[in-house]
Amino acid sequence: MTVVLSVVLPNYNHAKLIGRALAALLGQERAPDEIIVIDDGSTDDSVRIIDEIAADAPTIRILRNENNIGVIATLQRGLEAARGKYVYFAASDDWVFPGFFALALRRLEAEPGVGLFCGEAMLIDGTSNRPFAVRPAVRPRMSAGPIDAAGVNKLLRTTDNWILTGSAIFRRDYVNWAGGFDARLGSFADGFIARKIALRYGFYFEPKIVASWAVFPDSVSRRTARELQRSKHILDTVPSLIAADSGFPAWYGSAFRDRWRFAACRLALQADPIDQAVVLELGARSPAEKTKFESILALLPRQAARLAILAWLWCRLRPTSLTALFRTMLTMRRLRLALRFRSGQIPGMTTATAAPGET
């Protein structure tokens, strides 16, 4: 059988969620030809649950890491095992919405030159299961259609983060061309691949919610941004790797550094209490600015301090285009009203089902 679509699904101690993720993948209108589940040394009941689901689903292939090697190395192992023309990198704590794969493959077959398809993701509070936002925060275009390589280069000068791995399907050969998942890049490894492919081959954007993105306080990306030493490692490593790669424009390494600083400080300011160490270390560029931030944090109420420092950093780092952000926000407001976002009600949500053997 020709393998058209491969899914790579890492798992580490997600016994409570892996059943939901697999149910959503198996329930797609256009089901994957293979689902490669790689268990990364789980110590909970994950393996039993995966085995029991796989017993009734021949498209599931199970790989096991002897030891816990981390999500980036696990994704790379899955990529190497995948056989499909297209590949989707799933997460065991997220789920795909109905119709995603059929839509993406239809778009990719109609636009054979583009490197990947990307839709939108609904952000879900991982604890309460409540929706609270849609990403990307800035749409690369307002209607469905392709964006060529020159358009990506132009967009990237003013906005970023339009390609979300959880709502994207890639041409597998292009992921290999981009170098696969480089552990040195940490939580940015998938973002590096997506940008490099888009800058060379363009991509197809669909302004439609196709997947969830469950946000947990201890997720890999949030821990990386919030933990000072991890974030500093990213700032020390990623811009230099970008600069050394001919697939990126010469100016992007510097832009990435500023955008990462802003994102890390934004998360630190959202924390309760505010993570002052991250804000002062990554946000302040001089002793004088550090003193100013310290004064703001000491003298103003918490919310006012957050807004004041965030506005200051926005003006200095310019992480994205305000015009593009407001245009997307207006569209998203209409979308949220249309979907009637209500507590606990998620449009298109695949109901979480009990895993085999659970009551």
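Residues numbered from 1 in each chain as written. Predicted model: local features only at pLDDT ≥ 70, side-chain atom pairs only at ≥ 80, totals over all residues. Heavy atoms only, no water.

1. As for the pattern of salt bridges
Where charged atoms of side chains with opposite charge meet at close range, the side chains can pair. By the definition in use, this model includes 16 salt bridges. Linking Arg107 and Glu206 is a salt bridge whose minimum nitrogen-to-oxygen distance equals 2.8 Å. Of this pair, Arg107 sits in helix H4 (residues 100-110) while Glu206 is found in strand S9 (residues 203-215), placing the two residues 99 residues apart along the sequence. The partner of Asp160 in a salt bridge is Arg195, and the shortest N-O contact between them spans 3.0 Å. Within this pair, whereas Asp160 is found in the loop between helix H5 (149-156) and strand S8 (168-171), its partner Arg195 is found in helix H7 (residues 189-201), the two being separated by 35 residues in sequence. Accessibility expressed as a relative area gives 8% for Arg195, which makes it buried. Among the ionic contacts, a cluster of salt bridges with common partners joins Glu34, Arg61 and Arg83. (Salt bridge = Lys/Arg side-chain N within 4 Å of Asp/Glu carboxyl O. Helix = DSSP H or I, 4+ residues; strand = E, 2+ residues; numbered from the N terminus. Buried < 20%, exposed > 50% of the residue type's maximum accessible area, 1.4 Å probe, protein only.)

2. Points about the packing of aromatic side chains
By the definition in use, this model includes 19 aromatic pairs. Arranged with centres 5.2 Å apart and planes meeting at 45 degrees, the rings of Phe100 and Phe101 form a pair that is tilted. As far as burial versus exposure is concerned, Phe100 and Phe101 are alike and both buried. Three or more aromatic residues joined by ring pairs form one cluster here, namely Phe188, Phe192, Phe248, Trp251, Tyr252, Phe256 and Trp260. (Phe/Tyr/Trp six-rings, centres within 6.5 Å; stacked < 30°, edge-to-face > 60°.)

3. Section: the packing of helix H12 (residues 287-299) against helix H13 (residues 302-317)
One can describe the packing of H12 onto H13 by two numbers: an axis separation of 9 Å at closest approach and a directional angle of 155 degrees. In terms of axis orientation, H12 runs roughly antiparallel to H13. H12 and H13 meet at a crossing whose hand is right-handed. Between H12 and H13, the residues in contact are Glu289, Lys292, Phe293, Ile296 and Leu297 and Ala305, Ala308, Ile309, Trp312, Leu313 and Arg316, respectively. Its residues assigned to classes, the contact of H12 with H13 shows 8 nonpolar, no polar and 3 charged. (Axes fitted to C-alpha atoms, helices over the stretch in contact; angles between N-to-C directions. Parallel < 35°, antiparallel > 145°, perpendicular 65-115°, else oblique. Left-handed = near helix turned anticlockwise from the far one by under 90°. Contact = heavy atoms within 4.5 Å. Nonpolar A, V, L, I, M, F, W, Y, C, P; charged D, E, K, R; others polar.)

4. What to know about the packing of helix H9 (residues 228-243) against helix H10 (residues 252-270)
Two elements in contact, H9 and H10, have axes separated by 8 Å at closest approach and are oriented at 160 degrees. Here H9 lies roughly antiparallel to H10, going by the angle between them. Classified by chirality, the crossing of H10 by H9 is right-handed. Contact with H9, carried on its side by Ser231, Ile234, Leu235, Val238, Pro239 and Ile242, involves Tyr252, Gly253, Phe256, Arg257, Trp260, Arg261 and Ala264 of H10 and no other residues of that element. By residue class, the composition of the contact of H9 with H10 is 9 nonpolar, 2 polar and 2 charged.

5. Some words on the nonpolar core
Judged by nonpolar contacts, the single largest core of 67 residues is most densely connected at Phe89, Ile163, Phe170 and Phe203. If one sorts the elements of this core by residue count, H10 sits on top with 9 residues. In this structure Phe170 touches Lys85, Tyr86, Val87, Phe89, Gly115, Leu116, Val175, Ile193, Ala194 and Ile197, once residues within four positions along its chain are discounted. Core analysis: the second largest hydrophobic core is formed by 39 residues, Leu5, Tyr88, Leu103 and Ile124 among them. (Core = buried A, V, L, I, M, F, W, Y, C linked by side-chain atoms within 4.5 Å.)

6. Things to note about empty space enclosed by the protein
Following the criterion strictly, the structure yields 1 cavity of 30 Å³ or more and no others. Space inside the largest cavity adds up to approximately 40 Å³. Lining the largest cavity are Leu156, Asp160, Asn161, Trp162, Ile163, Ala194 and Arg195. The residue inventory of the lining of the largest cavity, partitioned by class, reads 4 nonpolar, 1 polar and 2 charged. (1 Å grid on protein atoms, 1.4 Å probe; cavity = no way out; pocket = protein on both sides within 12 Å on 5 of 7 lines; lining within 4 Å. Points joined across faces, edges and corners; volume = space filled by probe spheres on them.)

7. Points about unusual backbone geometry
Omega for the bond connecting Arg135 with Pro136 falls within 30 degrees of zero, at 15 degrees, which places this linkage in the cis form. Relative to the assigned elements, Pro136 resides in the loop between strand S6 (131-135) and strand S7 (145-147). For Asn13, which is not glycine, the phi torsion reads 55 degrees and is therefore positive. Of the residues examined, Asn13 reaches a relative accessible area of 27% and is grouped as partly exposed. Positive phi values are uncommon outside glycine, yet Asn161 reaches one of about 60 degrees.

8. A word on H4
Taken residue by residue, H4 has Phe100, Phe101, Ala102, Leu103, Ala104, Leu105 and Leu108 as its buried positions. Residues of H4 that are buried in the fold lie against strand S1 (5-11), helix H1 (18-26), strand S4 (86-89), strand S5 (116-125), S8 and S9.

9. What about the confidence of the model for the protein chain?
Mean pLDDT for the protein chain: 90, with 90% of residues reaching 70 or above. Long-range and interchain partners of residues 347-359, a stretch whose pLDDT sits below 50, account for 27 contacts in this model, where long-range means more than four residues apart. (pLDDT = per-residue confidence, 0-100.)

10. A word on the pairing of S4
Of the two faces of S4, both are covered, the one formed by Tyr86 and Tyr88 as well as the one formed by Val87 and Phe89. Across 4 bridges, the pairing between S1 and S4 is parallel. Looking at S4, one finds that Val7 is bridged to Tyr88. (Pairing = 2+ DSSP bridges.)

11. Some thoughts on the pairing of strand S3 (residues 60-64)
Here strand S2 (residues 34-39) pairs with S3 via 5 bridges, running parallel. Residue Ile38 lies in a different strand from S3, and its bridge partner there is Leu63. A crossover links S2 with its parallel partner S3, the connecting element being helix H2 (residues 46-54), and its sense is right-handed. (Right-handed = clockwise from strand over helix to strand, strands pointing away.)

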